[in-house]
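# Understanding the architecture of this molecule
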Amino acid sequence: MSDLQNTNETKNEQLSLNDDRRVRTLSPGALVAQRFFRNRLAVVGMVMLIAMFLFSFVGGLISPYRQDEQFYKYTDLKKEYAAVTQNADFRYLSADGKNFDSIAQAKFLLAQGKGETTFETKDATYELTEEGKDFYMISENGETVAIAFKDIVNKVADLSFDEIHAALVAYTNDEKAFTVADTEYTLDEDGNIMKGGETIGYITRFVISSAQSDVVISREYGEEVASQIAADASEFTFTGEDGEEHQYNISYDATAKVWSITEGTATYVYDSYASPSKEHWLGTDTNGMDMLTRLMYGGRVSLIIGFIVVIIEAVLGIILGGVSGYFGGWVDNLIMRIVDIFYCIPSLPLIIILGAAMDAMKLDPQIRMLYLMLILGFLGWPSIARLVRGQILSLREQEFMTATEACGIRTSKRIFKHLIPNVIPQLIVICTMSLGSTIITEATLSFLGLGVKFPFASWGNIINDVNNAFVMTHYWFVWIPAGICLLIAVLGFNFVGDGLRDAFDPRMKR
Amino acid sequence: MRKFILKRLGLSVLILACVTFIIYALMRSLPASYVETMAMQLSQAPGSKPYEEWIAQLNESYGLDKGVVAGYFVWLKDAVRLNFGDSWKYTVPVTQKFSEVIWLSFVMGLIAFIIELLIAIPLGVIAATKQYSRADYAITAGALIGISLPTFFFATLLKLLFSVKLGWFDLYGIVGRDYAKLDTMGQLLDKANHLVLPILTLVIVSIGSLMRYTRTNMLEVLNSDYIRTARAKGLSERTVIYHHAFRNTLIPLVTIVGGSLPGLFAGALITETLFMIPGIGYTSYQAMVAGDIPFSMFYLTFMAILTLLGNLLSDILYAVVDPRVRIE
């Protein structure tokens, strides 16, 4: 300003006092612009709007992804493979030709628990001998009737009672060899019973049952599991019969005393709710689509809907308000009663009902979007019509209108060329403000699932995901950025609208 | 004055008739999904009539078989006797359901409205008296942020902060799970506790417009001649603002406050739905989404009446409060 004054002063010498050039004149538009840019909030709003427009319209072009591009990932789906329990109950094997029934078994358990060496049933008296750890031999009059054991003998070849008996004696006493009927048998560390280099059976306390009906647990697998459990491992790999390596996890359930073995299978799934990363700056949504790209395209939809709705409102409002204000009389009366009626229609409930009806009709999302814009526009024009009418009522009494009449200008031209342009400032303000509120209405409807529908994104239907409480609490990146975008855009429109209102108002102090 | 009120009342009734007819025609031309679903369910029961017969019977019993105009007059005849039929969704008379839920909405709305008034008016006055100061910018920005906040987003933020992270309030509903075990006082406190977040949402989201309205009107008054006169007389700034300016600002304020009184019964459709508060808003939302024509018709009519009543009230108040306004 000081520079300007200086130059003015130097010029003042040549110019006469009433020369127009002495005063720096600004056109009304420049004055408005000056007042607008002096308002800090308005400038902030302008910056916010430009940022959101760039984000939505340019961002979509820059983004490497399409709006409905889905991303996949391999995940390890844990499938229950087998369950392993450690045998805790006695099992019984009767000697050939003997019978050791369940009553006797129960009596044996009582006696064993009390540490007695004999027990009686109805017909016989049995003696029990502890031959090894958790291993008892039950005899009647010195003759072996049965054995009770917790370590289970699995047969590979056929095993006789004597062989099993001897093998268990050796196993429970940690012996490496035993002899039955002059034949040498050996026991290795894994509990394999070998006869002349050939495995005829094995002893283990683990019972493995398959969790899937189509899987047969192989012996090698069982041994591997047993040794892994003994080693307290939590995961192991095992090369199956197909020659492929599989990954297994072992988890122990202390209350049920069961080791469950789960197999990790790589499955190709949607990469849903992925956390923000280098590829996806804001993560992915429930369908495995890139959140940032969805936000950009959602912004396009929200902004375009806002603009189209406001254009519909403005066109209807200007035409009806202009006609009503210019002609007055019964036309004015009629149009204003229509405006009253529209004012009275509760718009949000009505749109919700129409949205629910469109749901019932299963409309195509694109057509639905079109209807949404038409409905919103058709319900929103009365406030603009009222504004235009009010302004025109006062303008048409002014001299320039008398002049247009005197010049014989057509009525339509008089309204739309001479009256409407004078309403433009107020129109711009009200349109900017209603852009903001239209975007909120659309977002609210989309949030309720009654507005813009998948596959189209809008800021409202992106936030829709929070209806799932788990998403709300665990995946902030799914809904908070969309809400912030919405807030920034609407706030931008309101700041700018507010700034324009002040700037257009000549009574304002600056 | 009486003539004016009578004329406005007559006009309002006429407008109401038009509005209800438009709404009725719209509702009738929609696919009545509720009737169809019900007919489908009934027809699938063993040994039942076919779907078409059920739908015909249901349409007849609900009066949907008449033409739109004839149907409207049947509806209107019942409606003026305050008989709005039975709600399809709630299977009780509409007015009965309405009287069950309206008071909760009213209490919620009233508390929120009082808080709004207590905050918005002083802040609006401060913003106007210190125009373009830092305080003015802060208040204006705050008001605009409140206007710009989408209800659902703000409510979800509140839920995340106060319900999930801090665990102070429940996420949904009006009563806690121990409600039945509490005594009368405890039950009241429990309900109050559940209303905190919805009321907070309502206040923040709707406080902005009242604040801006106060500011604009206060500015207008401050620019008027009689304020300049008061200042020229040498009155203290305090007297000028609170004795002369604020009293004149009260005229538009009383008008708008009076006009929004009927709106307290309207309930908060979105807020109630978000917090599942069983007021008129949430009840109607469920009815509308389910295609419950009697209840929706009633709700829309009720809302229209509230709007008309609000306009009428603010016009009358304007004439009553401002002695310069004379209605011929």
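One structure accompanies this document, and this report is about it.

## What to know about the sheet that holds strand β14 (residues 245–253) of chain A
All names here are of chain A. The sheet built from five strands is open, its strands ordered β12-β1-β15-β14-β13 with antiparallel pairing. Each of the sheet's edge strands pairs with one partner strand only, and the pair in question is β12 (206–210) and β13 (235–239). Across the sheet, the mean angle from the axis of one strand to that of its neighbour is 35°, orientation sign disregarded. Pairing analysis gives five bridges linking β13 to β14, with the strands arranged antiparallel. Counterpart to E235 in the pairing with β14 is N249. Strands β1 (72–86), β12, β13, β14 and β15 (258–270) of the sheet are contacted by helix α6 (residues 219–230), whose axis makes an angle of about 160° with β13.

## Re the pattern of salt bridges
All names here are of chain B. By the definition in use, this model includes 13 salt bridges over all chains. Between D136 and R215 there is a salt bridge; the shortest N-O distance is 2.9 Å. With D136 in helix α6 (residues 134–148) and R215 in helix α8 (residues 184–222), this pair connects stretches of sequence that are 79 residues apart. When its relative accessible area of 7% is taken as the criterion, R215 is described as buried.

## Remarks on the packing of helix α11 (residues 399–407) of chain A against helix α12 (residues 411–447) of chain A
All names here are of chain A. Contact geometry for α11 and α12: axes closest at 11 Å, N-to-C directions at 165°. When the axes of α11 and α12 are compared, the pair comes out roughly antiparallel. Two packed elements cross with a definite hand, and for α11 against α12 that hand is right-handed. For the pair α11 and α12, the contacting residues are F400, M401, T404 and E405 in the first and R414, H418, L419 and N422 in the second. Along the lines of polarity and charge, the residues of the contact of α11 with α12 split into three nonpolar, three polar and two charged.

## Concerning the nonpolar core
I305, I352, V388, I463 and W479 of chain A together with V19 and F152 of chain B are the most contacted members of the largest nonpolar core, which totals 154 residues. At 13 residues, the largest contribution of residues to this core is made by α12 of chain A. Of all hydrophobic cores here, the second largest spans 20 residues; its members include F161, I164, I193 and I200 of chain A.

Rules used in this analysis
- Residues numbered from 1 in each chain as written.
- Chains lettered and ligands numbered in written order.
- Predicted model: local features only at pLDDT ≥ 70, side-chain atom pairs only at ≥ 80, totals over all residues.
- Heavy atoms only, no water.
- Pairing = 2+ DSSP bridges.
- Helix = DSSP H or I, 4+ residues; strand = E, 2+ residues; numbered from the N terminus.
- Axes fitted to C-alpha atoms, helices over the stretch in contact; angles between N-to-C directions.
- Contact = heavy atoms within 4.5 Å.
- Salt bridge = Lys/Arg side-chain N within 4 Å of Asp/Glu carboxyl O.
- Buried < 20%, exposed > 50% of the residue type's maximum accessible area, 1.4 Å probe, protein only.
- Parallel < 35°, antiparallel > 145°, perpendicular 65-115°, else oblique.
- Left-handed = near helix turned anticlockwise from the far one by under 90°.
- Nonpolar A, V, L, I, M, F, W, Y, C, P; charged D, E, K, R; others polar.
- Core = buried A, V, L, I, M, F, W, Y, C linked by side-chain atoms within 4.5 Å.

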